[in-house]
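# Analysis of the macromolecular model
The chain contents come next:
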Amino acid sequence: MEKLLLIIDDSKEIIDVVQGIIGGLFDRVESAESVEAAQNALEANVFSYIVLDINLKDGRNGAEVLRFLVENPENKNNESPVVILSGIINAQFIEKFSSKFAGIVTKPFDHDDFIQMTKDILDAKVSANYKELPTITCELPFPLPQLEQKVSKMLDVVKKNTKLKELFHNLNIDRNKDNYVMSHVGMLINISTAISIKMEWNTDKTLEKFIYAAYLHDMAIAERPDLAKIKATALELELMQDKMSPADHRLVLEHALIAANTIDGIPEIPADVGMMVRQHHELPKENGFPHRLSFAKITPLATVFIVAHDLTHYILENPKWTVKDYLAKVKTKFKGPHFAKVLSALSEMN
Ligand SMILES: [Fe+2]
Ligand SMILES: [Fe+2]
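Residues numbered from 1 in each chain as written. Chains lettered and ligands numbered in written order. Predicted model: local features only at pLDDT ≥ 70, side-chain atom pairs only at ≥ 80, totals over all residues.

Across its full length, the protein chain holds 16 helices and 5 strands. Of all 350 residues assigned to the protein chain, the portion counted as buried reaches 34%. (Helix = DSSP H or I, 4+ residues; strand = E, 2+ residues; numbered from the N terminus. Buried ≥ 20, exposed ≤ 12 C-beta atoms within 10 Å, placed from the backbone.)

As a further point, take the pairing of strand β3 (residues 49-52). Here β3 shows no split at all, with Tyr 49 and Val 51 on one side and Ile 50 and Leu 52 on the other all buried. What joins β3 to strand β4 (residues 82-86) is helix α3 (residues 62-71), and the crossover it makes is right-handed. (Right-handed = clockwise from strand over helix to strand, strands pointing away.)

Quick look at the nonpolar core now. Membership of the largest hydrophobic core comes to 50 residues, with the highest contact counts inside it found for Ala 213, Val 277, Phe 305 and Val 307. Those residues in contact with Ala 213 that sit more than four places away from it in its chain are Val 273, Met 276, Val 277 and Phe 305. Leu 5, Leu 42, Val 51 and Val 83 belong to the second largest nonpolar core, which has 27 residues in total. (Core = buried A, V, L, I, M, F, W, Y, C linked by C-beta atoms within 7 Å. Contact = placed C-beta atoms within 7 Å.)

Before going further, it helps to spend a moment on the sheet that holds strand β5 (residues 103-106). Spatially, β2-β1-β3-β4-β5 is the arrangement adopted by the 5 strands of the open sheet, whose pairing is parallel. Of all the strands in the sheet, the pair left with one neighbour each is β2 (28-32) and β5. For this sheet, the mean angle separating the axes of adjacent strands, direction not counted, is 20°. Judged from the 4 bridges that link them, β4 and β5 form a sheet pairing that is parallel. Bridge pairing links Val 83 to Gly 103 in β5. Strands β1 (4-8) and β2 of the sheet are contacted by helix α2 (residues 35-44), whose axis makes an angle of about 145° with β2. (Pairing = 2+ DSSP bridges. Axes fitted to C-alpha atoms, helices over the stretch in contact; angles between N-to-C directions.)

On to the pairing of β1, then. Of all the 5 residues making up β1, 4 are buried; the element is thus mostly covered by neighbouring parts of the structure. On the question of chirality, the crossover connecting β1 to the parallel β2 by way of helix α1 (residues 12-22) is right-handed. Summarising the sheet, β1 and β3 pair through 4 bridges and their orientation is parallel. Bridge pairing links Leu 6 to Ile 50 in β3.

Next up on the list: helix α14 (residues 300-317). End to end, α14 covers 26 Å across 18 residues, agreeing with the expected 26 Å (1.5 Å per residue, within 8%). Among the 18 residues of α14, 13 are classified as buried, and the element is accordingly described as predominantly covered. (Expected span 1.5 Å × (residues − 1).)

Structurally, Lys 297 is set in the loop between α13 (273-278) and α14. The exposure class of Lys 297 is partly exposed, given the 13 C-beta atoms found within 10 Å. Sequence separation of Lys 297 and Pro 284 is 13 residues, and the distance between their C-alpha atoms is 8.8 Å.

The next thing to look at is the environment of Asp 226. The residue Asp 226 is located in helix α10 (residues 225-228) in this model. Note: C-alpha distance between Asp 226 and Tyr 180 (46 residues apart in sequence) is 8.9 Å.

Another aspect to go through is unusual backbone geometry. The omega torsion of the bond from Phe 289 to Pro 290 falls at 5°, within 30 degrees of zero and hence cis. Mapped onto the elements, Pro 290 comes out in the loop between α13 and α14. Even without glycine at this site, Arg 292 takes up a positive phi of about 45°. Assignment of secondary structure puts Arg 292 in the loop between α13 and α14.

This part takes up the packing of α2 against α3. Between α2 and α3, whose axes approach to 9 Å, the crossing angle comes to 30°. Classified by the angle between their axes, α2 and α3 sit roughly parallel to one another. The handedness of the crossing between α2 and α3 is right-handed. Across the interface between the two elements, Val 35, Ala 38, Gln 39 and Leu 42 of α2 pack against Glu 64, Val 65, Phe 68 and Leu 69 of α3. For the contact of α2 with α3, the residue count by class is 6 nonpolar, 1 polar and 1 charged. (Parallel < 35°, antiparallel > 145°, perpendicular 65-115°, else oblique. Left-handed = near helix turned anticlockwise from the far one by under 90°. Nonpolar A, V, L, I, M, F, W, Y, C, P; charged D, E, K, R; others polar.)

Another aspect to go through is the environment of Gly 59. The topology assignment puts Gly 59 in the loop between β3 and α3. Taking C-alpha positions, Gly 59 is 9.8 Å from Ser 34, a pair spaced 25 residues apart along the chain.

Let's shift gears to the confidence of the model for the protein chain. Taken residue by residue, the protein chain gives an average pLDDT of 84. The fraction at 70 or more is 88%. Considering each helix and strand of the protein chain separately, the mean pLDDT is smallest for helix α4 (residues 91-97), with a value of 56, and largest for α13, with 97. In this model residues 125-135 is a low-confidence stretch, pLDDT under 50, and it forms 33 contacts with partners more than four residues away in sequence or in other chains. (pLDDT = per-residue confidence, 0-100.)

All right, on to helix α12 (residues 246-264) then. For α12, with 19 residues, the first-to-last C-alpha span of 27 Å sits near the 27 Å given by 1.5 Å per residue. The largest bend along α12 measures about 55° and falls at Glu 254. Among the residues of α12, Val 252, His 255, Ala 256, Ala 259, Ala 260 and Ile 263 are the ones counted as buried. Looking at the packing, one finds that the buried side of α12 touches α9 (204-216), α10, α11 (234-240) and α13. (Bend = angle between axes of the 7 residues up to and from the residue.)

See the structure below:
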C-alpha cells in the first residue's frame, strides 16, 4: 500500500523542514496549513502518518483537527498514528497527553531522533490511540498530588485489555455542551479518593476501585446526561414517573444494576467495584433505589462512593458550595455508623 504522509502546520517553512527530514520514508507527502485544508485531506486519503502542529492558521488549533477525527468514527484516518509537533508544548502537556498520541515532538528537535521515532512508529504499526479514552475536564474540589498520574496509569491498563477498552470507549459519547457525564466522573474520582485518603484507606488498590466505579457507574446512561443528573430518593423517583417515558423511568431505576452486572462479568475489574456501582443510589434510611437497602447492608466502600456522588451533584448544582453548607444539608439524610465516619472525614477537609 502506498505510504502517505500528511503534515499539518501553519508554517510553510516547517512543512518543508519536516518533509525534508522524514519525507523520504514515504511514497507521497501532502500538507495542510489550515483546519479546513487538513479536514479535506483527511477526508480524501488514508495517511500512514500524520504530523500535527498545535497552532494553526487564523488562531485555530490542532485540537480541532483531532476532534474532527474523533467525532467522525467513519473517517478514513481513525487508525492513523498522529504525532504532535509544536513549540508550545511543555512538560505538563507531555505528562498529560503522551499516552494519547503516537508521539510528541517539541520544537526545536533533533532530526535523527525524529527520523528514528517515525521509523519506529511505522514499523510497529502503532495505531492512533488519541480517541480511545474519555478525558476528564473539570475543576477538582480537592487537589490531590499524583492523582492524575494514578488515573492515567490505570487507563494504561485499561487500554491493554480489549474488553475494558471497549467499555471505556463507549463512555465517550456524551455530546452534551457541558460534558456533564465526564465532569461528574472527574469530580467523583477526586472526591471519593480524597475521602478515602482522609480515612486512611489510601492503598493504590482502593483508589483504583474508586476510579473504576466513578468511570463506570453511569455507563448505562452515558448518552443521557439528563438522566444521569437525576438525584432522587426511591419515592421521588416514583413520583417522577408521570413526567417521564416508561422506558426512561426504567432506565434510571435500573442503570446501577445494568452497569454492575456488566462489571461483575469482567474479571479484570477489582471485586467491590460492582457492589459500589450497584449501590450508588442507595440511601441509609431505606429510601434509595433500586433496592431500598438499610444502612447496614451498604458496604463501607459504597458508603464513601454514595456520599462522594451526592457531593458531586451538590457541587455541580451549587457553584458557591462549601463543605460546611453541604454537611449541614445532609446531616440527617446520611445516618448510620459508616456514613457518620465519612461525613466526619469530609468535615476535616474544609
Ligand atoms: Fe452518577
Ligand atoms: Fe447513577
